[in-house]
Amino acid sequence: MWTAETPNLYQVRVTLRTADKKSQTRVVDFGFRQIEINREKAQLLLNGMPLKLRGINYHAFTPDNGYYVPREVYERDLRTMKRFNVNAVRTSHYPQDEYFYTLCNRYGIYVMDECNVESHGVRDKDVPGDNPVWNAHVVDRMERMVARDRNHPCVVIWSLGNESSIGMNHYCMKEAALALDATRPVHYEGGSDLKVSDFLCDGYSSPEREMLFAEGKDVEKKPGVLQMLLPLNMSLESIKFEDYKHHPIVATEYGHCMGNGCSDVEKHMEVFEGADRWCGGFIWDFKDKSLTKGEIGGKPVQTYGGDWGVKDQAGNICCNGAADWNGKPHEVFYEIQKAFQPLVCLLKEGRRVEITNRHSFTDAGEYLCRWELARNGKRTEGGELTVHVEPRKTGVVEIPYESSLQEAGVISLKVEFSLRKDLPWARAGHVVAYEQWILKETKPSGRKGEVTITQDKEEIRLITKSAVYRISKKTGNVEQIEAAGKVWLKTPLRPSFFRAITDSDAGFIGLAMGRTKQVGFWGDLSLDGIGSPKSLKVTKDGVTVIHEWKKNYYGRSYRVTEDGGLLVSCVLRTGKKNVPARFGMQMELDGAYDSFTWFGKGPHDIYWGREYSGMVEIHRKKVEEQDEHVRPQEHGNKQGVRWLTLTDKEGSGLRVECMNKPVAASAWPYTLRQLQDATHVHELSDHEQTTLNIDGIQNGLGDCFVPCPDRYKIRPETRYQYGFKISVTGK
């Protein structure tokens, strides 16, 4: 039987012979499978088993040719999807070239085949709706799609189109589809009348709202200004459970990936996997739609709406992919990959690990299972495990490590599952699922050391045997670090409360109104300087600096540790309103310090609320290796950082170590102002400095339609505190 897990195909040879003995033969791939809906459970089934769609919306596109897509692009895009645990594609919002379906048959990808019908901006004008003028046109499009694609086993659902109101023309489209093929269910995201759609279609909801559907509750209309102003989101109307209780539920679009956005993907998946009536959903979307317009300074000029002389364009709204314009995965795709993984592990008591197999047709034993115990990011022991867990079942294994876990440091356990053999979309060894747990962690000490303090009217100097730290009396910033015969800072170590505005920070309305350049109070402080402190005190041990702005209290203290490092401790107490997006510190070094190493979550970008995929290991990157977006914005953050170094090619540089709790950090080859001011990615040419951010906390990421939840935000009237030690490392 054919499934996305087991894409078994047979070749069908069809020969047409004419009376004059001429013939034509065609060979096609064919697979046997059955798709159905259990109305009693409101459950989508494939070959009698529950089908969960871990899907993504797909606009086939290239930056040089637009919607002309060569075969090699289809091959690359679909291989990427499979490697990132995507098992389903919605052809938003039109059918694809036939070669696309051939590849989906072979690789194993479920397809929601969508008809080329969308009237978006005029759908409230009865287009196509009930207007008979459109009937023949939309029915013809539906019939041609179904007739062409019905023999592809990958196609499991027909879709009537997208955002084109609801009316008799949609009923006619459904009837025409079922007349040609009655073996597949029919989807329509605009089908508030569930006689048209076999699915209840939701979209751009929070996991909490999705859980209401999972629990079989009456669901109210989504609140918010966006929903009132724009008829864009799916399932806006209130609905009673009695009306949808026999319909499986699909998130037609969710997790909008515009810019540096999308979070809580694993929470969506927990809802989808935990309820029979949820059959999954489709992330929006696979790839940024950006056309290349020549080069400037050797970098391609990636464009978006308004860059080609046409007015009233929606800016970078089409740059909303989990992958960039060339199909290279953005950092968010790694979070999606982890959330979509087919095997989920949970650490139980002792050394027992519970494994849940999300597959519907594949035993966990089809994968090679390895485990590893590490101390401070370095492997201490490991091995392979024999694991057999049947589809949609849960099993338990015991990890046979020998360590007593008595040693100091960070001790972690990792379990991963990988392919045993080469497949058309990945080689043996490709990891499809993993999990890591911190079993033990001892906190670093910051015992104070000997220091000589001198000062004049301009600065205070903390002097040790190995370094001098110069602190400005005017600002309270660390103006310079002198050690190993060098001065290390190009700009002071200073407070940072602002991030270059993300698309999700601005939101859909904010993007339309140009709010990405409105930096506000905290932006002014971070970009232009914090001004003079309310108080600055020098004691025998160090320096304490206090600022207050708009009822927000901010304090810093500096003292020297026993190894000659500078211990920086920061406190923020937020006011009732106008709280910052980040609480951290920032400085610039010479651009020669371009090797970024950290012991923390990675190797990709990690944010609060988007850290499910992060592994606490020792990671290394060059500073220029940035996941940049078409419209520049905040990026590069790493969470859970225990220590980091920023070094040159000789291995010398600065080292930062957390105190009491891990920090967040990032390094860029440009300044915050350059990042905030740029409107296109090619403007971010590498500069002569490296910017280092050391944060106690930074807001998480929502998306353009679902704002960042409060649980991932700096809160009003709340106290935050963090600290770190900074010192010179290497030669």
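Preceding this paragraph is the structure being described.
Residues numbered from 1 in each chain as written. Predicted model: local features only at pLDDT ≥ 70, side-chain atom pairs only at ≥ 80, totals over all residues. Heavy atoms only, no water.

Caption draft 1: Region of interest: helix H1 (residues 71-83). In this model H1 runs 18 Å from its N-terminal to its C-terminal C-alpha over 13 residues, within 8% of the 18 Å that 1.5 Å per residue would give. Buried within H1 are the following residues: Val73, Tyr74, Asp77, Leu78, Thr80, Met81 and Lys82. The elements touched by buried residues of H1 are strand E6 (53-57), strand E7 (88-90), helix H2 (98-107) and helix H9 (332-339). Remark: Asn85 follows H1 within two positions and exhibits a positive phi of approximately 65°. (Helix = DSSP H or I, 4+ residues; strand = E, 2+ residues; numbered from the N terminus. Expected span 1.5 Å × (residues − 1). Buried < 20%, exposed > 50% of the residue type's maximum accessible area, 1.4 Å probe, protein only. Contact = heavy atoms within 4.5 Å.)

Caption draft 2: Looking closely at the sheet that holds strand E4 (residues 43-46). The strand order across the open sheet built from 3 strands is E3-E4-E5, with neighbouring strands paired in antiparallel fashion. In the strand order of this sheet, the two ends are held by strand E3 (35-38) and strand E5 (49-50), each with one partner. Where E3 meets E4, 4 bridges bridge the pair, whose relative direction is antiparallel. Bridging from a neighbouring strand, Asn38 pairs with Gln43 of E4. (Pairing = 2+ DSSP bridges.)

Caption draft 3: Layout of the pattern of salt bridges. For the coordinates displayed, the defined rule picks out 46 salt bridges. Two residues, Asp505 and Arg499, come together in a salt bridge whose shortest N-O distance is 2.7 Å. Assessed through its relative accessible area of 38%, Asp505 is described here as partly exposed. Given the relative accessible area of 2%, Arg499 is considered buried. In this structure, the salt-bridge partner of Arg582 is Asp695, at a minimum N-O distance of 2.7 Å. Highlighted residues: Arg582 in strand E33 (residues 582-590) and Asp695 in strand E40 (residues 689-698), separated in sequence by 113 residues. Of the two residues, Arg582 and Asp695, both sit in the buried class. A network of salt bridges, in which partner residues are shared, links Asp456, Glu459, Arg461, Arg470 and Glu482. (Salt bridge = Lys/Arg side-chain N within 4 Å of Asp/Glu carboxyl O.)

Caption draft 4: Spotlight on the sheet that holds strand E20 (residues 394-398). Reading across the sheet, the 3 strands line up as E16-E17-E20 and stay open at both edges, with antiparallel pairing between neighbours. Two strands close off the open sheet at either side, each with one partner strand: strand E16 (343-347) and E20. Between one strand axis and the next, the sheet turns through 25° on average, direction left out of account. Here strand E17 (residues 352-357) runs beside E20; their pairing, made up of 5 bridges, is antiparallel. By the bridge assignment, Arg352 is partnered in E20 with Glu398. (Axes fitted to C-alpha atoms, helices over the stretch in contact; angles between N-to-C directions.)

Caption draft 5: Highlighting the packing of aromatic side chains. As enumerated under the stated definition, the model contains 33 aromatic pairs in all. Ring plane angle 10° and centroid distance 5.8 Å describe the contact between Tyr58 and Phe100, whose orientation is recorded as stacked. Taken together, the positions of Tyr58 in the loop between E6 and H1 and Phe100 in helix H2 put the pair 42 residues apart, joining distant regions of the chain. Pair check on accessibility: Tyr58 and Phe100 agree, each one buried. (Phe/Tyr/Trp six-rings, centres within 6.5 Å; stacked < 30°, edge-to-face > 60°.)

Caption draft 6: The arrangement of the pairing of E6 in detail. Most of E6 is tucked away: 5 of the 5 residues are buried. Alternating residues of E6 divide into Leu53, Gly55 and Asn57 and Arg54 and Ile56, and every residue in both groups is buried. Here E6 runs beside strand E13 (residues 278-283); their pairing, made up of 4 bridges, is parallel. Within the sheet, the bridge partner assigned to Gly55 lies in E13 and is Phe282. As judged from the 3 bridges shared by E6 and E7, these two strands associate in the parallel manner.

Caption draft 7: Structural view of unusual backbone geometry. In this chain, Val127 is followed by Pro128 through a cis amide linkage whose omega measures -5°. Relative to the assigned elements, Pro128 resides in the loop between strand E8 (110-114) and helix H3 (135-149). Between Gly602 and Pro603 the backbone carries a cis peptide bond, its omega angle lying at 10°. Its place among the elements puts Pro603 in the loop between strand E34 (595-602) and strand E35 (615-622). Look at Glu163: it is not a glycine, yet its phi comes out positive at around 45°. With respect to the secondary-structure elements, Glu163 resides in the loop between strand E9 (155-159) and helix H4 (168-180). Its identity as a non-glycine residue notwithstanding, Asp264 has a phi of 60°, on the positive side.

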